[in-house]
Amino acid sequence: MTANGDRPDEALTGEAAPPTANGELVFDAPWEGRAFGMARALCERGYFDWDEFRAELIDQISAWEASPECTEEYRYYDLFLAALTRIIEQKSLCQGPDLVMRELEFAARPHGHDH
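Residues numbered from 1 in each chain as written. Predicted model: local features only at pLDDT ≥ 70, side-chain atom pairs only at ≥ 80, totals over all residues. Heavy atoms only, no water.

Novice: What exactly am I supposed to notice about the overall build of the protein chain here?
Specialist: Counting its regular elements, the protein chain contains 5 helices and 2 strands. The N-to-C order of helical and strand elements in the protein chain reads α-β-β-α-α-α-α. Across the 115 residues that make up the protein chain, the buried fraction comes to 30%. Entry remark: accessible area of the protein chain is about 7100 Å², with carbon and sulfur atoms responsible for 52%. (Helix = DSSP H or I, 4+ residues; strand = E, 2+ residues; numbered from the N terminus. Buried < 20%, exposed > 50% of the residue type's maximum accessible area, 1.4 Å probe, protein only. Areas by Shrake-Rupley, 256 points an atom, 1.4 Å probe, with all protein chains shown as cover.)

Novice: Explanation requested: the pattern of salt bridges in the structure shown.
Specialist: Opposite charge on two side chains allows them to pair when their charged atoms are near. On inspection of all chains with the given rule, the structure shows 5 salt bridges. For Asp51, the salt bridge is made with Arg54, and the minimal N-O distance between the two is 2.5 Å. With Asp51 and Arg54 both in helix 3 (residues 50–66), this residue pair falls 3 residues apart, about one helical turn. Ionic pairing is found between Asp78 and Arg75, a salt bridge with its closest N-O pair at 3.0 Å. Of the residues examined, Asp78 reaches a relative accessible area of 36% and is grouped as partly exposed. (Salt bridge = Lys/Arg side-chain N within 4 Å of Asp/Glu carboxyl O.)

Novice: What is the right way to look at the nonpolar core in this model?
Specialist: Inside soluble globular proteins, nonpolar side chains tend to come together where they are buried. Ranked by size, the top nonpolar core spans 22 residues in total, and within it Phe48, Phe53, Leu57, Phe80 and Leu84 carry the most contacts. Among the elements of the structure, helix 2 (30–44), helix 3 and helix 4 (76–90) are those that each provide at least two residues to this core. Counting residues per element, this core draws most heavily on helix 4, which supplies 8 residues. Setting aside its immediate chain neighbours within four residues, Phe53 contacts Ala39, Phe48, Phe80, Ala83, Leu84 and Ile87. (Core = buried A, V, L, I, M, F, W, Y, C linked by side-chain atoms within 4.5 Å. Contact = heavy atoms within 4.5 Å.)

Novice: Explain helix 3 here, please?
Specialist: Note on helix geometry: an α-helix contains 3.6 residues per turn, so any two residues three or four positions apart are oriented the same way. The terminal C-alpha atoms of helix 3, which comprises 17 residues, lie 24 Å apart, in line with the 24 Å expected from a rise of 1.5 Å per residue. Of all the residues in helix 3, the buried ones are Trp50, Phe53, Arg54, Glu56, Leu57, Gln60, Ile61 and Trp64. In a view along the axis of helix 3, the buried residues occupy a sector of 160 degrees, so they form one face of it. With a side-chain oxygen positioned 3.0 Å from the backbone nitrogen of Asp51, the residue opening helix 3 is Asp49. (Expected span 1.5 Å × (residues − 1). Arc of directions from axis to C-beta. Polar contact = N/O pair within 3.5 Å; in protein donor to acceptor, adjacent residues only side chain to side chain.)

Novice: Whenever I open this one, the side chain of Arg54 confuses me. Can you help?
Specialist: Since its relative accessible area comes to 19%, Arg54 is described here as buried. In terms of polar contacts, Arg54 uses its side chain to reach the side chain of Asp51, at 2.5 Å.

This is the structure we're talking about:
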């Protein structure tokens, strides 16, 4: 829940809105759903406030829009993951090399191994 009582997926509106189809979240790859689930779980467990995460996501989107890479295809979940990584580091939940190792471990999991 956010500070105003919204569920995290309901709170992502406007500039930070995730891809949806027929009101459902859309993930093109398994890692995207995992990243979203991780962000939600960390928020629900009180590690950070969803509005705080949304602000970081908006900052990531704004930085991408202002960068030379803005000519490349917009990839929402790449920016979502960057925001999640940043807030995890800011909150000292996991730092530098440990975070990279965990990312590699998750990336190496076979398809369908989401737990």
